[in-house]
Amino acid sequence: MSEDHNYKSLSKKIVNWYKKNARNLPWRHTTDPYTIWISEIVLQQTTVQQGLEYYNRFIKAFPDVNTLANASEDEVLKLWEGLGYYSRARNLHFTAKHICQDLDGVFPTTYKELLKLKGVGPYTASAIASFAYNLPHVVVDGNVIRLISRLWGIEEAVDIKPTLSRIAEIGTQLISHQEPSVFNQAIMEMGALCCTYKNPSCDKCPVSASCVARHNDIIASIPYKSKKIKKSKRYFYYFHIIDNEGYTIIHKRSDKDIWQGLYKFPLQEVSGFDVDPNASFIGFNNHDIDTYKSRIFKQTLTHQYIHAQFCIIKLPYSVAEIDNPAYIISPNDKLSSFAWPKIIDLYFKDLSITLF
DNA sequence: AACGCGGGGAC
DNA sequence: GTCCCAGCGTT
């Protein structure tokens, strides 16, 4: 029962467990708010395993806020390519410029001020406040939600505000005021390594004796989420236009849709691949041009199933003759310098093997 | 409050 | 296939 939970004792056990079992991760060796900020944004909705290499590359390319602020959005997105949730990279760049231009290059030092930064929400503000400044703001991420909801036997949906608020209150009671930074690392690490979603290691858990979910044998049903995701299907014909001088047409995605800020070929979205591609919207008549159709590429996103097929159009003249201000003309051998969605990157990889 | 945003991994 | 991951901005 929750009244039996001794916050101080639980907190101490969690921290002690961490000191013996912590992974050696690069962002744990610094109190530099910039570095910590980068790590936290990279790791949002991302596993440590997937984010680690991106973090290292990012810090190497942009070692301080000034370097990041002076980079172009394309450079930032290129480094982010393949990591997903690209608004994180755009907001990161926006906030770096904001800090340099409006805050004299000085990182905010309070939770409240951190929260005002674009891309920084309650979790990230708490993380920076605790890891950089040792302030006692508890982090509530997926790991913490899982650990606390099980420990306290919270069966209510954890994806609604009242439950989240209760979990945050419990975390606030738990957090060590001597070493809030270590406690925050510890409770997340516990969730990530011990109190895992599937097959948690209760036998190695330092607080399993206090775990209500374990006591009531309801671990598998906690945390409970009420929202269901609906996936739609989308079919993309991309027109890869290659002219007689080694150039092709691309453009930057700017509409409110997936992959904003990344690049694409001229695109025709259809209701299914039983519909034939029709390049007339970019001024081509399919019958006049030597065309090749790629295999169908598939990618699953959180809310969408994407299908893509690439129609190669080989032009007997120069693409410079095509007048459209939205288009960017790129040499074929420079295409890899742009940031592409995964599904187009897969096409490039296929292309290098099968065609050229 | 509900929704959409990527990609990889565990099971 | 399902669900998750150092969440957030928008509507």
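Placed above this text is the structure.
Engineer: So, empty space enclosed by the protein: which residues are in play, and what are the values?
Structural biologist: On inspection of all chains with the given rule, the structure shows one cavity of 30 Å³ or more. Its boundaries defined by the atoms lining it, the largest cavity holds a volume of some 120 Å³. With three residues, helix α9 (residues 142–151) is the single largest residue contributor to the lining of the largest cavity. Partitioning the lining of the largest cavity into residue classes produces 10 nonpolar, two polar and two charged.

Engineer: Account for the environment of Leu-117, with residues named and values stated.
Structural biologist: Inspection of the secondary structure assignment puts Leu-117 in the loop between α7 (111–115) and α8 (122–133). Residues Leu-117 and Asn-91, 26 residues apart in the sequence, show an inter-C-alpha distance of 8.8 Å. Discounting residues that sit within four places of it in the chain, Leu-117 has contacts with Thr-95, His-98, Phe-107 and Pro-108.

Engineer: Describe the layout of surface pockets, listing the residues and the values that go with them.
Structural biologist: Approximately 1700 Å³ is the volume found for the largest pocket. Residue lining of the largest pocket: 44 residues in total, with Gln-45, Val-140, Asp-141, Gly-142 and Asn-143 positioned closest to the centre. If one sorts the elements of the lining of the largest pocket by residue count, α8 sits on top with five residues. Grouping the constituent residues of the lining of the largest pocket by class yields 22 nonpolar, 14 polar and eight charged. Each pocket or cavity is described by its volume, and for the second largest pocket that value is around 660 Å³.

Engineer: Go over the environment of Ser-232, please, and point to the residues and values.
Structural biologist: One can find Ser-232 in strand β1 (residues 232–242). A C-alpha to C-alpha distance of 48 Å links Ser-232 and Ser-9, two positions 223 residues apart in sequence. With residues near it in sequence (within four places) discarded, Ser-232 still touches His-303, Gln-304 and Tyr-305.

Engineer: With reference to specific residues and values, describe helix α1 (residues 7–21).
Structural biologist: For α1, spanning 15 residues, the distance from its first C-alpha to its last is 21 Å, which sits close to the expected 21 Å at 1.5 Å a residue. Every buried residue of α1 is accounted for by Leu-10, Ser-11, Ile-14, Val-15, Trp-17 and Tyr-18. Around the axis of α1, the buried residues are gathered within 160° of arc, so they sit on the same side. Within α1, the exposed residues directed more than 90 degrees away from the buried face are Lys-8, Lys-12, Lys-19 and Lys-20. Contacts made by the buried residues of α1 are with α9, α10 (161–174) and α11 (180–193). Where α1 begins, the side chain of Asn-6 points an oxygen toward the backbone nitrogen of Lys-8, at a separation of 3.1 Å.

Conventions adopted
- Residues numbered from 1 in each chain as written.
- Chains lettered and ligands numbered in written order.
- Predicted model: local features only at pLDDT ≥ 70, side-chain atom pairs only at ≥ 80, totals over all residues.
- Heavy atoms only, no water.
- 1 Å grid on protein atoms, 1.4 Å probe; cavity = no way out; pocket = protein on both sides within 12 Å on 5 of 7 lines; lining within 4 Å.
- Points joined across faces, edges and corners; volume = space filled by probe spheres on them.
- Helix = DSSP H or I, 4+ residues; strand = E, 2+ residues; numbered from the N terminus.
- Nonpolar A, V, L, I, M, F, W, Y, C, P; charged D, E, K, R; others polar.
- Contact = heavy atoms within 4.5 Å.
- Expected span 1.5 Å × (residues − 1).
- Buried < 20%, exposed > 50% of the residue type's maximum accessible area, 1.4 Å probe, protein only.
- Arc of directions from axis to C-beta.
- Polar contact = N/O pair within 3.5 Å; in protein donor to acceptor, adjacent residues only side chain to side chain.

Remember, this is a structural readout, not a statement about activity or role.
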